[in-house]
Amino acid sequence: MSICFDFLLDYRVADTFAEIFWDLPLDADPACEYLVVNAETLDTIKTNKTHASLTGLTPDTSYGISVYIVYSPDKDGSGKKDPVLLGDLKIHTKKTRERIDITKAPYYAVGDGKTLNTDAIQAALDACDEKTSLYIPAGTFLTGALNVHSDTEIYLDEGALLQGSEEPFDYLPKIKSRFEGYEMECYRSLLNMGELDHDAGYNCENVLIHGKGSIMGGGATLAKAIARIEGERLKDYIASLGDKIKEYEKPETIASRFRGRLINMSNCQNIWIHGLTLGYGPSWNLHFIYSDRVVTDHCILKSEGVWNGDGWDPDSSTNSTLYACEFYTEDDSVAIKSGKNPEGNVINRPTKHIRVFDSICHFGHGLCIGSEMSGGVEDVRLWDCDMGPTWSGIEIKATKKRGGYVKNVLVRDITASHIQMHSVGYNDDGEGSKVPPVLGFCHFERLHILGRYLDNNAGKNEWHDCPSILLCGFDEPGYEIKNISFKNITMENPAEGADSIHMEYCENVSFENIKSVPRIK
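Each value, and the rule that gives it
Residues numbered from 1 in each chain as written. Predicted model: local features only at pLDDT ≥ 70, side-chain atom pairs only at ≥ 80, totals over all residues. Heavy atoms only, no water. Helix = DSSP H or I, 4+ residues; strand = E, 2+ residues; numbered from the N terminus. Buried < 20%, exposed > 50% of the residue type's maximum accessible area, 1.4 Å probe, protein only. Contact = heavy atoms within 4.5 Å. Salt bridge = Lys/Arg side-chain N within 4 Å of Asp/Glu carboxyl O. Pairing = 2+ DSSP bridges. Axes fitted to C-alpha atoms, helices over the stretch in contact; angles between N-to-C directions. 1 Å grid on protein atoms, 1.4 Å probe; cavity = no way out; pocket = protein on both sides within 12 Å on 5 of 7 lines; lining within 4 Å. Points joined across faces, edges and corners; volume = space filled by probe spheres on them.

Draft legend 1. Structural view of the side chain of Ser333. Residue position: Ser333 is located in the loop between β28 (326-328) and β29 (334-336). The exposure class of Ser333 is buried, given its relative accessible area of 0%. When sequence neighbours within four positions are dropped, the list of residues in contact with Ser333 reads Gly311, Trp312, Phe327, Cys361, Phe363, His365 and Gly366.

Right, here's the structure in full:
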């Protein structure tokens, strides 16, 4: 199967440090190494990862950076390879900004974990411009919803915690957002960037949020409080649905769709989130809609105990990258979306050019594409990740009503609980598309698959057996799962009575060098 592949070599830069990252070349294997050479300092970073951190740089200075690959020797140990240039970059560090300390005059925020600092922190954010940065020192700073404008830099020092309150009214007034595929009025998130408009361009740009601290939301307490308020407001409507409530995931789904997130980015471009611990939003944590060039790296994302506690959700967004992150999420670690039928079909803004690599899912649901994918999803690249102890592994999912498509998904060098491409029956409300979704043109290579998944929901820790590979297309001619290839796949032996591979309604699925190995305890 031919693979559409445009090689990416990219970077993000601050005043004294930069992050360089690049695609895994098509001909690379896990034994390859990379050299990142700084032409000005002659420093060389040697790594087996597809990213590198440059530190100790001089502010407002240009650097030439070259990235090389060193291919692995031949199997007999001979044939030492010379470095091959992957590409060159010219980067220029930022000027160092003057700090705006939220605890100093005229803001006087108090980091005692009790004082509500929303007004003080918002005033400090409003005062930020291209020459200043918001500085949050050690302490626990309780706050409600905050707005972040273009060209803002936020730095959280070690021991700093920006803590969202558990009070729903601290996140009013509601704003236009998108949740589970529908544009709607939602409670504000803890951090809010941009204004949602699917017909407009980007209205919030060039934001850097970084440091050694944490940003935490109101979690399950806030989520349940919002659901109670909205459930009471909508009780007559919910009752009027009758049996149609079965199309939703569960009865409280409708009321829960009004929850905000931890960080909401709408119509944003060039947002960089680096080095932080993030988590416990009342629903998803990092959600970006109609946005472009969102980069998240070296972060830890947590949401234990939060229903719908996704980690990183690109939604009708483009050219975005996550790497060197760790997930402890109750739901999807990464969930790639593009709207829900019928609205997503009409708006028709696909998510494309998404990269996720060098990351670990300690538990949760792994990486999922869908189920909201009515605007289409294409060019997703996933490599060098451990998704073994997860519920879903790597999952491409849609209901038969969705419409839309998923194509050009490239997955390599992954440990996963299982691989799934299939229809699901939940989250099935909304007028259906005239045709089912189109799922196909996906390549999986050098995977180790467990054939069992971990259920950690509600604090459980239970393993369940399952097929290593599940491919179930749609029972309508022309809408089978098509053009899927598996190469150099290791599958642990299935449980007694279980299939390693289960396929229905599929066409042109190829397997090359598939091995079964004993189960790893």
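There is more to say, and it comes next.
Draft legend 2. A look at the pattern of salt bridges. The final tally for this structure, using the stated rule, is 23 salt bridges. The structure contains a network of salt bridges with shared partners spanning Asp23, Arg355, Asp379 and Arg381.

Draft legend 3. Here's a closer look at the sheet that holds strand β4 (residues 44-47). Strand order in this open sheet of four strands is β4-β3-β6-β7, and the pairing throughout is antiparallel. Where the open sheet ends on each side, the last strands, each with one partner, are β4 and β7 (84-92). Across the sheet, the mean angle from the axis of one strand to that of its neighbour is 15°, orientation sign disregarded. As judged from the four bridges shared by strand β3 (residues 33-38) and β4, these two strands associate in the antiparallel manner. Within β4, the position partnered with Val36 by the bridge is Ile45.

Draft legend 4. Looking closely at the layout of surface pockets. The volume enclosed by the largest pocket comes to roughly 790 Å³. Contributing to the lining of the largest pocket are 30 residues, with Val13, Ala14, Lys94, Arg97 and Glu153 lying nearest its centre. When contributions to the lining of the largest pocket are tallied by element, the ones reaching two or more residues are β1 (9-13), β7, β10 (132-136), β13 (153-156), β18 (204-211) and β21 (268-274). In this model, the second largest pocket occupies a volume close to 520 Å³. Lining the second largest pocket are 27 residues; nearest its centre among them are Glu249, Asp331, His365, Lys397 and Tyr426.

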